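# Chains, contacts and geometry: an overview
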Amino acid sequence: MIINTKFEIGLKNVGMPYPVALDVQSLVQDNKHRLLGCLSVGLVDRFLHEQEQRAAVVIQKQWRGHRERRKFHQQKQAMKEFKAAVTLQRAALRFMQKRRNARCSLSPWKGPSGLTDERRAELKKVVEDYIALHPVSQ
């Protein structure tokens, strides 16, 4: 309910004992009904149809805006969660890599990096020479 404060102030100045509030919206509605009564039925129907169309457009506009804002907020939340997960994974991987590096640097024995065919042939020759020099007695 809208109250016309200028009208209330005017009534106070006139000498009214208490402010009287008028419902401006009801006055406007009464004027609309009076005007619509003077028009033909076809014009009234067209006017009401246009009013209904405008109201539907406003409702749709508000709903679509609300829906898109909600969807954007959800996407924003999902992006925050994704970034947090990436940050945690990166920190965990760095931590594990540091531990691996520390373990390898402290280890006194480092296994063979790989046995190539040349190295295998050299070792086989060394073993054969050793066996030749030190025969097994039976």
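Treat the numbers as computed from the prediction; the structure is a model and nothing was measured. Within any chain, residue numbers begin from 1 and follow the written order of that chain's sequence. Selection of residues for local features in this predicted model requires a pLDDT of at least 70, selection of side-chain atom pairs for listing and counting requires 80 or more, and totals for whole chains, interfaces and linings are taken over all residues. Computation of side-chain values covers all heavy atoms of the structure but excludes hydrogens and water.

### What about the overall build of the chain?
What counts here: Segments assigned H or I by DSSP are reported as helices when at least four residues long, segments assigned E as strands when at least two residues long, and all are numbered from the N terminus. Classification of residues uses two cut-offs on accessible area relative to the type maximum, computed with a 1.4 Å probe and protein chains only: under 20% is buried, over 50% is exposed, and between them is partly exposed. Computed with the Shrake-Rupley method and a 1.4 Å probe, the accessible areas treat only the protein chains shown as cover for residues.
A count of helical and extended segments in the chain gives four helices and zero strands. Listed by position from the N terminus, the elements making up the chain come as α-α-α-α. A total of 138 residues make up the chain; the buried ones form 2% of that total. Of the roughly 13200 Å² of accessible surface on the chain, 61% is carried by carbon and sulfur atoms.

### Focus on a nonpolar patch on the surface
Put simply, the test is: For patches, a residue must show more than 30% relative accessible area and have no salt bridge; joins then use 9 Å for like charges and 5 Å for nonpolar side chains, namely Val, Leu, Ile, Met, Phe, Trp and Tyr. Salt bridge, as applied in this entry: a Lys or Arg side-chain nitrogen positioned within 4 Å of an Asp or Glu carboxyl oxygen.
Taken together, Leu93, Phe95 and Met96 make up a surface patch of nonpolar side chains, about 310 Å² in accessible area. Tracing the chain through its elements places Leu93 in helix 3 (residues 41-106). Of the residues examined, Leu93 reaches a relative accessible area of 53% and is grouped as exposed.

### Focus: the confidence of the model for the chain
How we decide: The predictor attaches a confidence to each residue, and that confidence, scored 0 to 100, is pLDDT. Note on contacts: a residue pair qualifies if any of its non-hydrogen atoms lie within 4.5 Å across the two residues.
Overall, the prediction assigns the chain a mean pLDDT of 79, with 72% of residues at 70 or greater. In the model of the chain, helix 1 (residues 5-14) stands out as the element of lowest mean pLDDT, 49, in contrast to helix 3, which has the highest, 92. In this model, residues 1-11 is a region of pLDDT below 50 whose contacts with residues beyond four sequence positions or in other chains number 17 contacts. Confidence drops under a pLDDT of 50 for residues 16-21, and excluding neighbours within four residues, the segment shows eight contacts in the predicted structure.

### Digging into the pattern of salt bridges
Inspection of every chain in the model, using the stated rule, returns five salt bridges. Here Lys125 makes a salt bridge to Asp129, at a shortest N to O gap of 3.9 Å. Within this pair, Lys125 and its partner Asp129 are both found in helix 4 (residues 117-133), separated by four residues, close to a single helical turn. Given a relative accessible area of 52%, Lys125 falls into the exposed group.

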